[in-house]
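Listed here are the chains, written in short residue letters.
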Amino acid sequence: MAQDSSTQSSRRKRRTALIMLALLALVAVAAAVASHWILQTSQKRLLRDMEQDMSTQAGNKVALLTVWSGTLKGQVEAFTGLDLLRLFAAEADASKIPAEKLLELAQRPEHDVPPPEILPETPSDISVEQAEAGGYAGDPDPLDSLAPRLPMMLRQLKDFIEKNSLWGAYLLNANLEVYLAPSDAPQFSEDQRSFLATVLQTRRPVMLPVRRQEGELVMDMAFPVFAPLYVDASGERVVSILVATYNVLPVARAIIRTGDDGIFSSGILQTHRQDVQLINPAARSGTLNLPGWRLDGGRLPLSLRDAPTARGGEVRAYTLALPVPGMPWLVMQGVDAAQAEAQYAAFRKNVLIAAGLVTALAGIVLVALWWWLVGRQERAVADQMRRLYLVVNQQKQIMDGVNSALSAGIVLNDLSGVIYYVNQSYARMTGLSVEQLRGLPHSRLPPDLARSLVTHTLAVNQTEGMASFTEALPVEGRTRHFLTACSPFRDDKGRMSGVVSVYSDITELVLAQQRAQHMITQTVAVFVRAIEAVDPYLCGQSTFTAQLSVTLAYCLGLNDAETLATLRTAASLSQIGMIQLPRELLTKTGALSAEERAQLQRHVEYARRALTGIDFGLPVLEAISQMYERLDGSGYPDGLKGDHICFNARILAVANTFCALVRPRSYRMAHSMERALAILNETPRKYDPQVVRALQGFLQTGQGREFLQKLRDEKSDGGEGGARNSEGEESARHGAGGIPT
């Protein structure tokens with residue numbers, strides 16, 4: 001019996017041992033399989049995290065380059081849109097004068113350039129188009145018209161280069177020949193000329209590849225210059241090309257980073273024809289060709305490639321590149337393959353050691369205990385997750401109900417423009433359903449909403465703070481006005497991963513403001529009619545003064561809305577004080593006595609009293625109060641001098657004076673344009689020379705001649721009250737210290 005018991009015990013031990021060995025084998029196999037799965041998953045996760053981090057870094061640099069390039073292109077486009085430049089380019093194109101001749105004349109000192117001859121009056125049976133094109137006998141040579149303005153346009157070009165920190169800028173004709181340059185005209189290669197020819201064909205700006213010049217890295221930007229609308233009604237005729245050269249070396253140095261081993265951790269790629277090049281400030285040519293590198297959909301996906309080093313060699317590296325919108329550039333991020341794989345090798349070693357330890361030390365009991373604990377924990381976690389799901393689902397239903405009831409549109413998108421969440425109000429704005437919008441890229445939205453979403457994302461991504469915008473968007477076939485508040489959306493690690501935009505409809509408020517502005521405009525019109533009723537000679541004076549002052553502001557580069565509105569309103573109300581003056585004083589044809597002069601000059605004080613308390617939201621009252629002051633202190637009412645007179649008042653003074661001088665008055669005939677300009681240029685200086693020069697330049701243009709003709713053709717039966725204050729030959733009638741009008 002004892003033997004049987006021993007035999008049974010041995011059998012149990014052998015059976016137990018076999019079970020333990022089987023369990024141990026199962027544990028070993030499970031550990032091996034788990035280790036393999038963990039290593040595969042970790043490798044994929046490592047590549048995914050590396051791609052995400054590299055894309056984030058590249059995206060930040062792309063955003064910086066996008067803002068930089070957008071600002072730079074905006075500055076150049078603003079310059080090419082100047083009427084003065086477009087008119088000059090159109091006349092140079094129509095003149096067919098050789099480019100080398102224009103270059104030679106532009107480089108002469110201004111005193112060597114012959115003054116423009118007085119053009120003969122255009123016969124009445126010749127159209128304006130024929131007169132401007134030289135369609136009648138007696139026209140001057142086109143060179144006589146262009147030559148006096150070449151130095152001025154050259155100064156404009158130099159000022160543009162200096163203001164925008166450009167390397168250089170040049171004007172080219174339709175034959176791709178430089179006819180205006182601040183220094184020696186550059187020689188363009190055949191490759192560059194092919195890019196420039198693209199501008200004439202497509203009528204769009206073109207960015208040329210980066211090149212080495214005088215030890216710097218420069219990039220040429222070619223922009224079309226279109227003829228003015230009154231020359232070409234289509235507005236699409238290219239009469240010149242503006243080539244602006246920018247030194248991109250500081251930008252390249254700000255983006256390009258290399259490690260201690262010389263590997264480019266970040267850099268700028270450019271596409272040239274079908275090739276991809278790396279911009280390298282240390283290279284002799286400034287760029288390095290990357291054979292075998294091919295773009296996929298405009299970008300460079302993450303892959304293991306042979307990447308160049310700053311020391312001239314090559315190394316295997318993980319690289320990717322994202323495109324810069326609107327430029328032939330991509331931002332590249334790179335990581336040394338050995339460095340990335342070293343992290344994985346260390347992790348692999350740790351996983352294998354851990355698997356061996358688990359297999360060797362766990363045993364059957366630990367494995368069973370582990371499974372039991374895992375089972376209990378899974379049950380607890382499952383129960384906890386079920387309760388959490390109920391709470392989250394309930395809260396989600398509440399939030400969805402609140403968001404759907406809101407009138408404001410709410411949208412959440414990631415940094416690439418993919419929509420994650422919208423409410424019903426935003427869905428109505430797009431004309432799509434909530435389900436259709438989720439996961440939709442911004443490019444699939446209506447154009448205006450897509451542009452709005454991109455603008456918000458770039459602005460918030462740049463500052464990583466809140467931003468607000470006022471914008472007009474088409475909704476259901478009508479233009480609606482929105483006040484949009486944008487804020488960054490962050491993940492659990494605090495990193496910015498998206499943007500939340502809340503669109504609040506303020507259409508009714510905007511329409512109310514527009515109605516209020518319309519009422520103000522009508523009120524100003526009533527004031528103007530009341531002013532002109534006092535003296536027939538005032539008829540049209542305010543209107544012409546407003547038109548000319550706004551035009552001069554444009555010529556001086558002061559085209560902001562506040563300045564233009566201030567000049568327009570101040571000119572319209574400048575004579576309101578005349579209403580309180582005696583009519584016989586305004587229409588008197590003889591010389592004024594000292595008492596009458598003092599009484600006349602009180603119209604500024606009357607205007608102050610009438611307009612004080614009216615909130616124009618603009619410095620209108622200041623401009624009206626100072627437009628009769630003069631630089632030498634001879635004006636009134638306060639005798640201000642020089643810089644104490646605001647610039648708006650200086651523009652109004654020149655415009656008001658010129659419009660009055662070239663029109664007849666009860667006590668004199670109309671002055672010629674030359675005599676009026678001579679009075680404005682008299683010394684000591686009473687009028688701002690800069691504004692007078694702008695007036696002279698404007699009058700030499702076709703638009704200026706047309707304005708002058710309208711001014712002379714306007715019929716008038718009375719005299720402007722301001723005309724009592726005159727200098728030059730008029731000051732001799734009414735005494736010194738007056739204002740020529």
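See above for the structure.
Just so it is clear, the model here is predicted, and its values are computed rather than measured.

Draft legend 1. The overall build of the protein chain, seen in detail. For the protein chain, the helix and strand inventory stands at 24 helices and 18 strands. Of all 741 residues assigned to the protein chain, the portion counted as buried reaches 43%. Carbon and sulfur atoms form 55% of the exposed surface of the protein chain, whose accessible area is close to 38,400 Å².

Draft legend 2. Summary view of the packing of aromatic side chains. Considering all chains together, one arrives at nine aromatic pairs under this definition. Each ring, one from Phe-79 and one from Phe-160, has its centre 4.1 Å from the other, and the planes form 10 degrees; the classification is stacked. Taken together, the positions of Phe-79 in helix H1 (residues 2-80) and Phe-160 in helix H6 (residues 150-163) put the pair 81 residues apart, joining distant regions of the chain. The pair formed by Phe-79 and Phe-160 is uniform in burial state, with each residue classed as buried. In textbook terms, an aromatic cluster arises when at least three aromatic residues are bridged by ring pairs, as seen for Trp-68, Tyr-246 and Trp-329. The lysine or arginine in question, Arg-305, covers the ring of Trp-293, its NZ or CZ lying 5.6 Å from the ring centre.

Draft legend 3. Main features of the environment of Phe-469. Mapping Phe-469 onto the fold places it in strand S16 (residues 467-475). Once the C-alpha coordinates of Phe-469 and Phe-482 are considered, the two residues, 13 residues apart in sequence, prove to be 8.0 Å apart. Those residues in contact with Phe-469, other than ones at most four positions away along the chain, are Thr-455, His-456, Ala-459, Phe-482, Leu-483, Thr-484 and Cys-486.

Draft legend 4. Up close: the environment of Ile-410. Take Ile-410: it is sitting in strand S14 (residues 409-414). For the pair formed by Ile-410 and Val-500, sequence separation is 90 residues and the distance between their alpha carbons is 7.2 Å.

Draft legend 5. Region of interest: a nonpolar patch on the surface. Together, Leu-18, Leu-21 and Leu-24 line one region of the surface with nonpolar side chains, adding up to about 290 Å² of accessible area. Structurally, Leu-24 can be placed in helix H1.

Draft legend 6. Molecular detail of empty space enclosed by the protein. With the rule as written, the count across this model stands at one cavity of 30 Å³ or more. One number sums up the size of the largest cavity: a volume of about 60 Å³. Considering the residues around the largest cavity, the lining is formed by Gln-626, Met-627, Glu-629, Arg-630, Leu-631, Ile-645, Ala-649, Arg-650, Ala-653, Lys-686, Tyr-687 and Asp-688. A per-element tally of the lining of the largest cavity places helix H20 (residues 647-661) first, with three residues. Partitioned by chemical class, the residues of the lining of the largest cavity number six nonpolar, one polar and five charged.

Draft legend 7. Helix H22 (residues 689-699), seen in detail. Turning to H22, its buried residues are Val-691, Val-692, Ala-694, Leu-695, Gly-697, Phe-698 and Leu-699. Of the surrounding elements, those touching the buried residues of H22 are helix H14 (541-555), H20, helix H21 (673-680) and helix H23 (702-713). Capping of H22 at its N-terminal end is provided by Asp-688; its side-chain oxygen lies 2.9 Å from the backbone amide nitrogen of Gln-690.

Draft legend 8. Fine view of unusual backbone geometry. Each neighbour pair has its own omega, and for Tyr-636 with Pro-637 the value is 10 degrees, a cis peptide bond. By the element assignment, Pro-637 lies in the loop between helix H19 (620-626) and H20. In this structure, the amide linkage connecting Thr-683 to the following residue, Pro-684, adopts the cis form with an omega of 0 degrees. With respect to the helices, strands and loops of the structure, Pro-684 is situated in the loop between H21 and H22. Its identity as a non-glycine residue notwithstanding, Lys-96 has a phi of 60 degrees, on the positive side. Topologically, Lys-96 is positioned in the loop between helix H2 (83-95) and helix H3 (99-106). Looking at Lys-96, the relative accessible area reads 65%, which means it is exposed.

Draft legend 9. Focus on the pairing of strand S1 (residues 168-172). Most of S1 is tucked away, with five of its five residues classed as buried. Side chains of S1 alternate between two faces, with Gly-168, Tyr-170 and Leu-172 and Ala-169 and Leu-171 buried alike. Here S1 pairs with strand S6 (residues 238-247) via five bridges, running antiparallel. Across the sheet, the residue bridging to Gly-168 is Thr-245, located in S6. Two strands pair when backbone bridges link them, and S1 and strand S2 (residues 178-180) are joined in this way by two bridges, in the antiparallel orientation. In the strand pairing of S2, Leu-171 is matched with Leu-180. Here S1 folds back onto S2, and the loop between the two strands holds five residues, one of which, Leu-176, carries a positive phi near 60 degrees.

Draft legend 10. Representation of H20. The terminal C-alpha atoms of H20, which comprises 15 residues, lie 21 Å apart, in line with the 21 Å expected from a rise of 1.5 Å per residue. Taking burial as the measure, the 15 residues of H20 include 14 buried ones, the bulk of the element.

Draft legend 11. Representation of the nonpolar core in the model. One finds Trp-68, Leu-180, Leu-269 and Trp-329 to be the most contacted residues of the largest nonpolar core, which totals 75 residues. Of all the elements, H1 adds the most residues to this core, at nine residues. Those residues in contact with Trp-329 that sit more than four places away from it in its chain are Leu-65, Trp-68, Val-210, Met-219, Val-248, Ile-268, Leu-269, Gln-270, Ile-279, Pro-323 and Val-324. Within the second largest apolar cluster, 50 residues are counted, among which are Ala-553, Met-627, Val-654 and Leu-699.

Draft legend 12. Representation of the layout of surface pockets. What the second largest pocket holds in volume is close to 1,200 Å³. Lining the second largest pocket are 32 residues, with Ser-55, Gly-59, Leu-322, Leu-415 and Ser-416 positioned closest to its centre. Broken down by secondary-structure element, the contributors of at least two residues to the lining of the second largest pocket are H1, strand S12 (314-323), S14, helix H12 (447-463) and strand S18 (496-505). A class-by-class count of the residues in the lining of the second largest pocket yields ten nonpolar, 14 polar and eight charged.

Reading guide: rules and limits
- Residues numbered from 1 in each chain as written.
- Predicted model: local features only at pLDDT ≥ 70, side-chain atom pairs only at ≥ 80, totals over all residues.
- Heavy atoms only, no water.
- Helix = DSSP H or I, 4+ residues; strand = E, 2+ residues; numbered from the N terminus.
- Buried < 20%, exposed > 50% of the residue type's maximum accessible area, 1.4 Å probe, protein only.
- Areas by Shrake-Rupley, 256 points an atom, 1.4 Å probe, with all protein chains shown as cover.
- Phe/Tyr/Trp six-rings, centres within 6.5 Å; stacked < 30°, edge-to-face > 60°.
- Lys NZ or Arg CZ within 6 Å of the ring centre and 35° of its normal.
- Contact = heavy atoms within 4.5 Å.
- Patch = residues over 30% accessible without salt bridge, like charges linked within 9 Å, V, L, I, M, F, W, Y side chains within 5 Å.
- Salt bridge = Lys/Arg side-chain N within 4 Å of Asp/Glu carboxyl O.
- 1 Å grid on protein atoms, 1.4 Å probe; cavity = no way out; pocket = protein on both sides within 12 Å on 5 of 7 lines; lining within 4 Å.
- Points joined across faces, edges and corners; volume = space filled by probe spheres on them.
- Nonpolar A, V, L, I, M, F, W, Y, C, P; charged D, E, K, R; others polar.
- Polar contact = N/O pair within 3.5 Å; in protein donor to acceptor, adjacent residues only side chain to side chain.
- Pairing = 2+ DSSP bridges.
- Expected span 1.5 Å × (residues − 1).
- Core = buried A, V, L, I, M, F, W, Y, C linked by side-chain atoms within 4.5 Å.

Everything listed here is a matter of coordinates, which is why it stays silent on function.
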